[in-house]
Every structure is written in structure tokens, then in C-alpha cells.
Amino acid sequence: MSPTALRTEVRPVAEVPPELWAGLGPAVPFYAGHRWLACAAEATGEEVLAVTVGDGSRLLAAVPAWVTTGRENPFLRPERLLPTADPAGRPYLCVATKKAYTSPLLTAPDADRPAVLARLLDGLRAVVRERDLAGAVALYADTDTVRQWRTVLPDRHPVLLDVDAAVEELPAEFAGHPLAGASKRRREVQREWRAFERAGYRLGTEHLADCLDEFVPLAANLERKHGNPVDEAGLRRTLEVQARHCRSEDLVFTARRDGRLVVACLAYTDHDTVYSRMFAMDYEAAGRAFEYFALAYYLPVRHAIGHGFRRVHLGMSTVAAKTARGAALHPLWALDLGERPLWTPDPARAANAERRAALGPAVTVTEPW
């Protein structure tokens, strides 16, 4: 396919036929899937764009993108994430998934990757010019995605944002978890699980739509416990949209006592992965029986082992707890994709050194550029 025959389009993700998006490959990650992107647009009430490259009959490459407004979660606001950037404070085009910490870059297996990446950049930069934005930034991109972008932007230096955790080695049965851990660590995991079993909860798996009324206040409890402001009505609206769009993938691990929901974890299943997403608990009714680890870690792992999944995604934060329970860590980066560089290598390296230090000595992050 000649590069001149390629067509770049920018449109709301809802206007892209789902079958075209699915045609990008057999294993589009869940948070990069058309259903989740449409769900995020509806839940936030804000525009989620799809920048696509096609040949007239199918898509060859695509990225989601959205413009910061100042109302987002602080973890998704570049003016806070990227102190090295100039000019600070202006809106950016975030080349990332809204409502998830990932920056997917989707390319068809047979695509001419340098050609389609160059066309994607054309589309992203056109949005920046038309909307007078500060630039375009891939947010929370994994190392492979950064490497792909740097084939067409070799002079850009990534900034470390955080690390992502996933259990990638699952044993044949839960008694062997964590597979790569020492036997002492496995004994600790089994001790925590037995303590949870003795707490007398009735365990189950439910769909979010079927336990939404109970789940929402318990999820809000978690945010309040950590001192975060909570718009419980807004949280409910968001989860209602997710329940409607993603019922076929959602799974809520529940622990009940006398029929009452006490602890729960919302997860999603897709391809070979269980995604542990949102924990919820009634702190007054729960005991001290490792409920958090049981619902957010151990039940997803047990489900994955029992249902043929190969991986459990645990997300960011609480790094030490996750690595102690079998998770591997992967760095997540910001990469400047705009026409005019927003930061230079020296301040980026300094920011990376500071963030590596903040993550602690147990986290090893290299820059394999």
C-alpha cells in the first residue's frame, strides 16, 4: 500500500464502526477497546476522539485522544504530571484512554508501521493546531509503545510517570501462588487466605448491574478513607454507564455476611487477562481478615487460574504490596508527540531520576532508548 493511498481521519470514537476498530487485531487490550472508549466518553460527558489511519476498506492504525479541561483526575492532568513542560497550564491533547491509565497504540499486524505512525502524527498535530493546544502527549504509555513512537520521533525523551503491576506467572493451583516467589512468601499468602476464609464470608461473583446499589456506597467509603473528595452521585452515574456497556466483561467478586455486601472488587475479563479495577468495603462491618488482599488480589488470581486466564492486571499504586504477592512491574511514560518539543532531554532525565527515587529502591526502572 502506497503511503499516498492512506487516509487519516479524526472523529468522535462513537462514529467509528466497532467492527472497524476490532479489525485492528485479535487482541486489542480491554481499555483500548471500542466499547470501553465509548463508555468513557458517555460516562464523562466529554469528547473522546479516535485518530485513525486506513486504506479505504479497513483501519491500519488508531489511537484514542482527548483534551484536558482542568477537571480531570490529577493523575491525568499533564500540567501536574509534566513539570518540565513549557508552556505549563495550557490544555494538551492527551493521546491516551480516558478512564484508564494507558496510552494504546493500535496497529494492524500487516501495516507499514513507519508510514501509519507518521500519518497518526499528522492527525494528532492537526488537532493541536486547530484547537490551539500546547501539544500532544502520550500519557501512561508502556515501554513498547514508547519504542514504537520513537521510531518516528527518535529525538523525544520520555518522562517516567509511574509503574503498572500485573501477575504474569500463574501456577496450576492457588496453593502455588506466587509462582516466582520464595516458599516463605507462598506460606504468607496462604496464611492470609486462610484468615480470610475463617472470617465466614459468603463468596460470590456477580455482575455490576446486579449489585450496583450496594457497591457504590462501599466504593465511596474507600475514597473517603483515603481523604479523597467523593461525588457519590457522579460515581454512580459512571458505574451505571460501565455496567450497561461492559456487562459481558464485568465481574464483581463479592463477600457477603447475612446477605449483606461487606467487601467487593469490580474486575473485567478480556482475552487472556483479568483486570482488577475497583475495591469497595464497609469498614465498620468488615474485620481484620486481609479483606483487601483477598478481594483485590487473591480472588482475581483464583478466578484466572480456574478459568484459563494467563494474567491478572493490578494497576498502579501500593507497589510493595503487589510485588510481595507475585506482581511484576512495568514503567509507564509520558512521550511528547507534538510538532514543537515541550521538554528537552536534560529536564526529562532529572524528572526521571526524581521519580525513580520516589518509587523506592525495590523498583528498578531503566531507560532502554
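Located above this text is the structure these notes cover.
Residues numbered from 1 in each chain as written. Predicted model: local features only at pLDDT ≥ 70, side-chain atom pairs only at ≥ 80, totals over all residues. Heavy atoms only, no water.

## Digging into the overall build of the protein chain
Line of reasoning, step 1. Scanning the protein chain from terminus to terminus reveals 11 helices and 13 strands.
Line of reasoning, step 2. Summarising its shape, the C-alpha atoms of the protein chain cover approximately 65 × 40 × 40 Å along the three principal directions.
Line of reasoning, step 3. Residue burial in the protein chain is summarised as follows: out of 369 residues, 53% are buried.
Line of reasoning, step 4. Counting contacts in the protein chain only where the partners sit at least 6 residues apart, residues at least 24 apart contribute 75% of the total.
Line of reasoning, step 5. Charge-centre separation for the protein chain: the mean point of 46 positive side chains lies 4 Å from the mean point of 47 negative side chains. (Helix = DSSP H or I, 4+ residues; strand = E, 2+ residues; numbered from the N terminus. Buried < 20%, exposed > 50% of the residue type's maximum accessible area, 1.4 Å probe, protein only. Contact = heavy atoms within 4.5 Å. Lys, Arg positive; Asp, Glu negative; His and termini not counted. Charge placed at Lys NZ, Arg CZ, Asp CG, Glu CD.)

## Thoughts on the layout of surface pockets
Line of reasoning, step 1. Estimated volume of the second largest pocket: approximately 310 Å³.
Line of reasoning, step 2. Lining the second largest pocket are 16 residues, with Gly33, His34, Arg35, Glu249 and Asp270 sitting closest to its centre.
Line of reasoning, step 3. Elements with a minimum of two residues in the lining of the second largest pocket: helix 1 (18-22) and helix 2 (34-44).
Line of reasoning, step 4. Tallied by class, the residues present in the lining of the second largest pocket amount to nine nonpolar, four polar and three charged. (1 Å grid on protein atoms, 1.4 Å probe; cavity = no way out; pocket = protein on both sides within 12 Å on 5 of 7 lines; lining within 4 Å. Points joined across faces, edges and corners; volume = space filled by probe spheres on them. Nonpolar A, V, L, I, M, F, W, Y, C, P; charged D, E, K, R; others polar.)

## Remarks on the side chain of Arg150
Line of reasoning, step 1. Of note, Arg150 is situated in helix 5 (residues 143-150).
Line of reasoning, step 2. Buried and unpaired, Arg150 has no salt bridge, with Asp155 as the nearest side chain of opposite charge at 7.2 Å.
Line of reasoning, step 3. At 2.9 Å, the side chain of Arg150 forms a polar contact with the backbone oxygen of Pro154. (Salt bridge = Lys/Arg side-chain N within 4 Å of Asp/Glu carboxyl O. Polar contact = N/O pair within 3.5 Å; in protein donor to acceptor, adjacent residues only side chain to side chain.)

## Details of the pattern of salt bridges
Line of reasoning, step 1. With the rule as written, the count across this model stands at 23 salt bridges.
Line of reasoning, step 2. The closest approach of N and O atoms between Arg7 and Glu9, which form a salt bridge, is 3.4 Å.
Line of reasoning, step 3. Glu240 is paired through a salt bridge with Arg236; the nearest N and O atoms lie 3.0 Å apart. Residue Glu240 and its partner Arg236 are located together in helix 8 (residues 232-245), separated by four residues, close to a single helical turn.

## Details of the pairing of strand 6 (residues 136-142)
Line of reasoning, step 1. Burial within strand 6 is extensive, with six of its seven residues counted as buried.
Line of reasoning, step 2. Relative to strand 6, strand 4 (residues 93-95) is paired through three bridges, and the arrangement is parallel. Each bridged residue has a counterpart across the sheet, and for Leu93 the counterpart in strand 6 is Ala136.
Line of reasoning, step 3. Examined bridge by bridge, strand 6 and strand 13 (residues 328-336) share four bridges and lie antiparallel to one another. Each residue of the ladder has a partner; that of Ala141, found in strand 13, is Trp333. (Pairing = 2+ DSSP bridges.)

## Quick notes on the pairing of strand 2 (residues 49-54)
Line of reasoning, step 1. Burial runs high along strand 2: six of the six residues are buried.
Line of reasoning, step 2. Of the two faces of strand 2, the one carrying Leu49, Val51 and Val53 and the one carrying Ala50, Thr52 and Gly54 are both buried.
Line of reasoning, step 3. With six bridges joining them, strand 1 (residues 7-12) and strand 2 adopt antiparallel strand pairing. Residue Val10 lies in a different strand from strand 2, and its bridge partner there is Val51.
Line of reasoning, step 4. For strand 2 and strand 3 (residues 59-67), the ladder comprises six bridges, and the chain directions are antiparallel. Opposite Leu49, over in strand 3, you have Ala65 as the bridge partner.
Line of reasoning, step 5. Connecting strand 2 to the next strand, strand 3, in antiparallel fashion are four residues, including Gly56 with a positive phi near 100°.

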